[in-house]
Amino acid sequence: MNAIEVHDLVKKFGDFTAVDHISFDVRQGEIFGFLGPNGAGKTTTINILCTLLKPTAGTALVNGYDVLHHPYEVRQSIGLVFQDPSLDDQLTAEENLQFHAMLYGVSRRDYEQRSREVLELVGLSDRARSLVRTFSGGMKRRLEIARGLLHHPRVLFLDEPTLGLDPQTRRHIWDYVRALREREHITIFLTTHYLEEAEYADRIAIIDHGKIVALDTPSGLKRRIGGDVVRLQTAQNSEAMLRLRTNLQTDVLLDGNEIVLRVPQGDQIIPAIIRTLGAPPPIEVLSINLRHPTLDDVFIHLTGKAIREAEANTTEYMRQMMRVHRR
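One numbering rule holds for all chains: residues counted from 1, following each sequence as written. The predicted nature of this model means local features are confined to residues of pLDDT at least 70 and side-chain atom pairs, given and counted, to a pLDDT of 80 or more, with totals for whole chains, interfaces and linings taken over all residues. Hydrogens and waters are ignored; side-chain quantities use all the structure's heavy atoms.

Student: What's the story with the confidence of the model for the protein in this structure? I'm lost.
Tutor: Low pLDDT means the predicted coordinates in that region are not meant to be read closely. For the protein, the mean per-residue pLDDT works out to 89, and 93% of the residues sit at or above 70. A residue's pLDDT is simply how confident the predictor is in it, with values from 0 to 100. Contacts: residue pairs with any heavy atoms within 4.5 Å of one another. Within the model, pLDDT remains below 50 along residues 309-327, and this stretch shows 20 contacts once partners closer than five positions in the same chain are excluded.

Student: I keep staring at the environment of N289 and nothing clicks. Help me out?
Tutor: As for its position among the elements, N289 is in strand β14 (residues 285-291). Buried residues are those whose accessible area, probed at 1.4 Å on protein chains only, stays under 20% of the maximum for their type, while exposed residues exceed 50% and partly exposed ones sit between those limits. Classification of N289 by relative accessible area gives partly exposed; the value is 36%. A sequence separation of 197 residues divides N289 from T92, and the C-alpha atoms of the two residues are 52 Å apart. Setting aside its immediate chain neighbours within four residues, N289 contacts V229, V230, R231 and E258. Under the scheme used here, helices are H or I runs from DSSP no shorter than 4 residues and strands are E runs no shorter than 2 residues, and both carry numbers assigned from the N terminus.

Student: Can you help me understand the packing of aromatic side chains in this one?
Tutor: Two measures describe an aromatic ring pair: the distance that separates the ring centres and the angle between the ring planes. Pairing of aromatic rings covers Phe, Tyr and the six-membered ring of Trp, with a centre-to-centre limit of 6.5 Å; geometry is then stacked below 30 degrees between planes, edge-to-face above 60, and tilted otherwise. Per the stated rule, a full pass over the model turns up seven aromatic pairs. Joined through ring pairs, the aromatic side chains of F24, F32, F34, F157 and F189 make up one cluster. Charges are assigned to positions over rings by a cutoff of 6 Å between ring centre and Lys NZ or Arg CZ, combined with an angular limit of 35 degrees from the ring normal. Across from the ring centre of F13, 5.4 Å away, lies the NZ or CZ of K11, which sits over that ring. The ring of Y194 is capped by R170, whose NZ or CZ atom sits 3.8 Å from the centre of that ring.

Student: I keep staring at the pattern of salt bridges and nothing clicks. Help me out?
Tutor: Any two side chains of opposite charge can pair if their charged atoms end up close together. One side-chain nitrogen of Lys or Arg within 4 Å of one carboxyl oxygen of Asp or Glu is enough to make a salt bridge. According to the stated counting rule, one finds 17 salt bridges in the structure shown. In this structure, E182 engages R181 in a salt bridge whose closest nitrogen and oxygen atoms are separated by 3.2 Å. Here the residues in one salt-bridge network are R114, E117 and E184, joined through shared partners.

Student: What exactly am I supposed to notice about the sheet that holds strand β13 (residues 258-263) here?
Tutor: The strands making up a sheet associate through hydrogen bonds between their backbones, and the pairing can be parallel or antiparallel. Strand order in this open sheet of four strands is β12-β13-β11-β14, and the pairing throughout is antiparallel. A strand with exactly one partner marks an edge of an open sheet, and here the two such strands are β12 (252-255) and β14. The sheet shows a mean angle of 25° between the axes of neighbouring strands, taken without regard to direction. Relative to β14, strand β11 (residues 228-234) runs antiparallel, the two being bridged by six bridges. Its bridge partner being in β14, V229 is matched across the sheet by R291. Pairing between strands is defined by DSSP: at least two bridges between them are needed. Helix axes are fitted only over the stretch in contact, all axes being lines through C-alpha atoms; the angle between N-to-C directions runs from 0 to 180 degrees.

Student: Please clarify how the pairing of strand β8 (residues 187-191) should be interpreted in this entry.
Tutor: In regular strands, side chains alternate between the two faces of the sheet. Counted residue by residue, β8 has five buried out of five residues, so it is predominantly covered. With burial as the criterion, each face of β8 is covered, one bearing T187, F189 and T191 and the other bearing I188 and L190. As paired elements, strand β3 (residues 31-35) and β8 share three bridges and run parallel to each other. In the strand pairing of β8, F32 is matched with F189. Sheet topology note: the strand β7 (residues 155-159)/β8 ladder contains five bridges and is parallel. Its bridge partner lying in β8, F157 is registered against F189. A crossover links β7 with its parallel partner β8, the connecting element being helix α6 (residues 167-184), and its sense is right-handed. Look down the strands so they point away from you; if the path from the first strand over the helix to the second goes clockwise, the crossover is right-handed.

Student: Can you walk me through the pairing of strand β9 (residues 203-208) in this structure?
Tutor: Taken across its six residues, β9 has six buried, putting it largely inside the fold. Of the two faces of β9, the one holding R203, A205 and I207 and the one holding I204, I206 and D208 are both buried throughout. With four bridges joining them, β3 and β9 adopt parallel strand pairing. What sits directly across from G33, in β9, is I204.

Student: I would appreciate a short explanation of helix α4 (residues 108-121) in the present structure.
Tutor: Because an α-helix packs 3.6 residues into every turn, residues spaced three or four apart end up facing the same way. Expected span of a helix: the number of residues minus one, times 1.5 Å. Over its 14 residues, α4 runs 20 Å from end to end, which matches the ideal 20 Å to within 8%, given 1.5 Å per residue. Those residues of α4 not exposed but buried are Y111, R114, S115, V118, L119 and L121. In this structure, the buried side of α4 is in contact with α3 (93-103), α5 (137-149) and α6. Of the residues one or two after α4, G123 is the one with positive phi, at around 70°.

Right, here's the structure in full:
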């Protein structure tokens with residue numbers, strides 16, 4: 001059984017289509033990354049899955065419950081960590097958890113055991129009675145994750161869980177996220193600006209202009225853009241290019257003073273390059289390097305823009321949405 005099933009989902013605001021007939025599944029127990037620039041339909045889709053918006057058409061099931069017809073059951077079965085801070089920093093960590101327990105109808109007995117478990121999971125047991133205003137940004141994020149887990153959700157939605165945190169704290173947050181997936185046996189649906197973090201996902205969906213443009217594992221997505229890139233400089237580039245084309249049977253290009261080869265497995269072809277250029281008369285290799293494709297490369301290839309560039313350029317999108325809501 002899938003944790004999330006989305007079929008032909010549509011969401012319109014007036015005549016503006018924010019989500020345009022998308023379909024995808026999220027398997028139970030997987031970490032599923034959902035990526036896209038502002039205006040792509042990412043936030044709208046998440047809001048529908050969390051019952052904060054109603055779809056215009058199509059269906060979405062979360063833990064087997066229809067988001068339109070059984071919103072209460074959906075909400076009881078999910079946890080949500082918002083992008084923006086949502087803790088009361090005038091309360092202690094324990095008091096923030098108590099308030100959440102009351103909202104979700106967690107019994108006193110269950111709360112006492114569960115609060116200890118989630119605070120231990122995120123490494124905050126010793127700060128349970130500390131005021132949240134004394135916490136660092138990373139500690140607050142960990143407390144928000146603990147709060148989202150308090151009522152035993154089967155799916156945890158993490159919206160930009162490490163946004164604004166330093167690299168070391170981001171790495172620690174991810175250690176906790178991966179640990180909780182193993183210990184809690186839950187499904188994690190996340191968004192992130194940091195594409196290197198999306199590597200932690202089992203599968204990734206990329207959405208642009210309201211449509212899913214790709215869905216695959218991180219390695220599968222990277223294979224789509226044509227393999228590794230090998231760049232080298234030699235003492236005789238023209239002769240080296242001719243020899244490489246003849247012997248390796250692959251495309252060879254010249255970029256400035258560098259020879260460029262795009263190949264499926266760069267680490268396996270480098271020895272062949274060295275042997276080919278080392279054959280008499282040898283051609284001196286001045287430098288050689290290998291670069292594997294990244295998710296940044298994939299995102300640019302599929303959407304025509306870098307994700308950070310796309311996220312930063314939100315002015316026109318906001319103007320468009322304001323025009324829609326005025327109608």
